[in-house]
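# Structure at a glance
Below are the chains, spelled out letter by letter.
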Amino acid sequence: MDSFDVCIAGAGVVGLGIAYQLSISERYRSKSIAILDSESDFGRVTSSRNSEVIHAGIYYPENSLKAQLCVEGKTLLYEFLEKNTIPYKKTGKLIVAQKGEEQELLEIKMNAERNQVTDLEWVDQEKLRSIEPNLSATAALHSPSTGIIDSHTYMKKLLWYAEDNGAYFAPRTQVDQVEKVGRNFLVTTKLMQNPRKEETYKFLCNEFINSAGLNAQQLARKMIGMDTSNVPALYLCKGDYFSFSGKSPFKHLIYPIPEKNYTGLGIHSTIDMSGQTRFGPDTEYIDQPDYEVDPRKMDAFASSIAKYFPEIDPAQLQPAYSGVRPKISGPGSIAADFSIQGPNTHGVEGLVQLFGMESPALTASLAIAKYVEAMLKP
Ligand SMILES: Cc1cc2nc3c(=O)[nH]c(=O)nc-3n(C[C@H](O)[C@H](O)[C@H](O)COP(=O)(O)OP(=O)(O)OC[C@H]3O[C@@H](n4cnc5c(N)ncnc54)[C@H](O)[C@@H]3O)c2cc1C
């Protein structure tokens, strides 16, 4: 039977970040690493259905993994993008207050400072008018370290490094079952290379990383010989985007005050690397992954956007795309932290499972990867 030192289930930005990090590390450099994904290529699920924003680390609770890994990850990511000439732009972001919301803005600033994000600047209404004439707000916080990224090129580069260092990537390979056998894991996969014929392929590995995003819980519950009591519930929270036709009304990314309990960051305005403006994502808890954007949401989008962009013409909005957040907190609950479970949680040496890897996991991907590597160290 074939065997690998490490198997990573899931080639989204998190799994690819881990593959990259292990492949360059002293301990893993000479080890065999397999990255498996059920899709036909890397990054086809949540990692290609997001806002592509490099977050500063402003909102997350002090000492949370989201705060620590976002702030560390942002620095690592900018360095990586610069070094590898991957397209990105430090656009900066404005979090805007309407009349009566200024106190909330101040609290956001204080929270950011507790997270060591100390570069936020208070912008008054007069200055706002001069820097963003289409914007309607009484005050704003300017975050100069927020930016946008070409996430596909970033993921491609992570995979390129991992493969160049000897890692093996297998698309159309779904991990169906993992069983603890002595000091190893017996991994059963379904090969979907031939659409007319499914094959089963089994192999052994010493270390197994469950980075299956929306399917991480399902995979964890199928593990044989391992306690599943720590596997958190999964709540799917969809976010739809509408694109804006015409010239971008803003130079910065524009965010309203976040939703209650930080379920989402409010319908914001972002720009992609081609200069296209999009609004979203909203938040909608759903039962099954579904990526259709309901055009009937257009009026609700237009009225949210009109609070900070009164000139919005709903006819300029077109349904664009959507993504699904793999949340581990349900409707009405306070947003949960990332849940990255290693031997200290479940008692199984060599096993790391990642749950609830919603935003800011793209930004934090390189820091998450280092965190996982440290968890694997005996
Ligand atoms: C609407 C939205 C907006 C967001 N905006 C931002 C943002 O602006 N900035 C930011 O930092 N973050 C953002 N995020 C978060 C970010 O996109 C995700 O946290 C990140 O993409 C998660 O990556 P992942 O690798 O964990 O998951 P995924 O990208 O979902 O990858 C998991 C992979 O596992 C594979 N897989 C699943 N099951 C199996 C199996 N059994 N066997 C083999 N492979 C399997 C899947 O095919 C998939 O490729 C946003 C998320 C959403 C939903």
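Before reading on, note that the structure itself is shown above.
Keep in mind the model is a prediction, meaning the values are calculated, not measured.

## Some points on the site of the ligand
With respect to spatial proximity, 38 residues lie near the ligand, and among them D37, S47, V53, M357 and T363 are the closest. N215 is positioned with one of its side-chain polar atoms (N or O) 3.1 Å from a nitrogen atom of the ligand. Note that an oxygen atom of the ligand is positioned 3.5 Å from one of the backbone N or O atoms of P360. Burial of the ligand by the protein chains amounts to 97% of its free accessible area of 1000 Å². Mapped onto the shell around the ligand, the elements with two or more residues apiece are helix 1 (13-24), strand 10 (173-181), strand 18 (317-327) and helix 9 (361-376). Here the shell around the ligand gathers at least three residues from each of two domains, domain 1 (3-48 + 152-232 + 336-376) and domain 2 (93-144 + 234-327).

## Re the environment of S38
One can find S38 in the loop between strand 2 (33-36) and strand 3 (53-54). According to the relative accessible area criterion, S38 is partly exposed, its value standing at 31%. With ten residues separating them along the chain, S38 and Y28 place their C-alpha atoms 24 Å apart. Apart from the residues lying within four places of it in its own chain, the contact partners of S38 are R172, T173, Q174 and M192.

## Considering the packing of helix 5 (residues 151-164) against helix 9
Taken N-terminus to C-terminus, the directions of helix 5 and helix 9 make an angle of 20 degrees; their axes are 12 Å apart at the nearest point. On the basis of their axis angle, the class for helix 5 and helix 9 is roughly parallel. Crossing of helix 5 against helix 9: the hand is left-handed. Taken together, the residues of helix 9 that come into contact with helix 5 (itself represented by S151, Y154 and L158) are L362, S365 and L366. Of the residues contributing to the contact of helix 5 with helix 9, the split by class is four nonpolar, two polar and no charged.

## What to know about the pattern of salt bridges
Summed over the entire model, instances satisfying the criterion amount to twelve salt bridges. Bridged by salt links that share partners, the residues K238, D240, D282, E284 and K297 form one connected network.

## Some points on the packing of aromatic side chains
Taken as a whole and assessed by the stated rule, the structure comprises 16 aromatic pairs. For the pair W160 and Y161, a centre-to-centre distance of 5.2 Å together with 75 degrees between the ring planes defines the contact as edge-to-face. You can call W160 partly exposed: its relative accessible area is 44%. According to the relative accessible area criterion, Y161 is buried, its value standing at 17%. On the basis of an interplanar angle of 45 degrees and a centroid distance of 6.4 Å, the ring pair of F250 and Y308 is categorised as tilted. Residue F250 is located in the loop between strand 13 (235-244) and strand 14 (253-255), and its partner Y308 is located in the loop between helix 7 (298-306) and strand 18; the two are separated by 58 residues in the primary sequence. Under the relative-accessibility criterion, Y308 is labelled buried at 1%. Within the aromatic cluster, the residues linked to one another by ring pairs are Y20, F80, Y154, W160 and Y161. In this structure, K31 packs its charged tip against the face of Y28, placed 5.7 Å from the ring centre. A cation over an aromatic ring shows up here: K157 above the ring of W160, its NZ or CZ 4.4 Å from the ring centre.

Conventions and cut-offs
- Residues numbered from 1 in each chain as written.
- Predicted model: local features only at pLDDT ≥ 70, side-chain atom pairs only at ≥ 80, totals over all residues.
- Heavy atoms only, no water.
- Near = heavy atom within 4 Å.
- Polar contact = N/O pair within 3.5 Å; in protein donor to acceptor, adjacent residues only side chain to side chain.
- Areas by Shrake-Rupley, 256 points an atom, 1.4 Å probe, with all protein chains shown as cover.
- Helix = DSSP H or I, 4+ residues; strand = E, 2+ residues; numbered from the N terminus.
- Domains from an automatic or database assignment.
- Buried < 20%, exposed > 50% of the residue type's maximum accessible area, 1.4 Å probe, protein only.
- Contact = heavy atoms within 4.5 Å.
- Axes fitted to C-alpha atoms, helices over the stretch in contact; angles between N-to-C directions.
- Parallel < 35°, antiparallel > 145°, perpendicular 65-115°, else oblique.
- Left-handed = near helix turned anticlockwise from the far one by under 90°.
- Nonpolar A, V, L, I, M, F, W, Y, C, P; charged D, E, K, R; others polar.
- Salt bridge = Lys/Arg side-chain N within 4 Å of Asp/Glu carboxyl O.
- Phe/Tyr/Trp six-rings, centres within 6.5 Å; stacked < 30°, edge-to-face > 60°.
- Lys NZ or Arg CZ within 6 Å of the ring centre and 35° of its normal.

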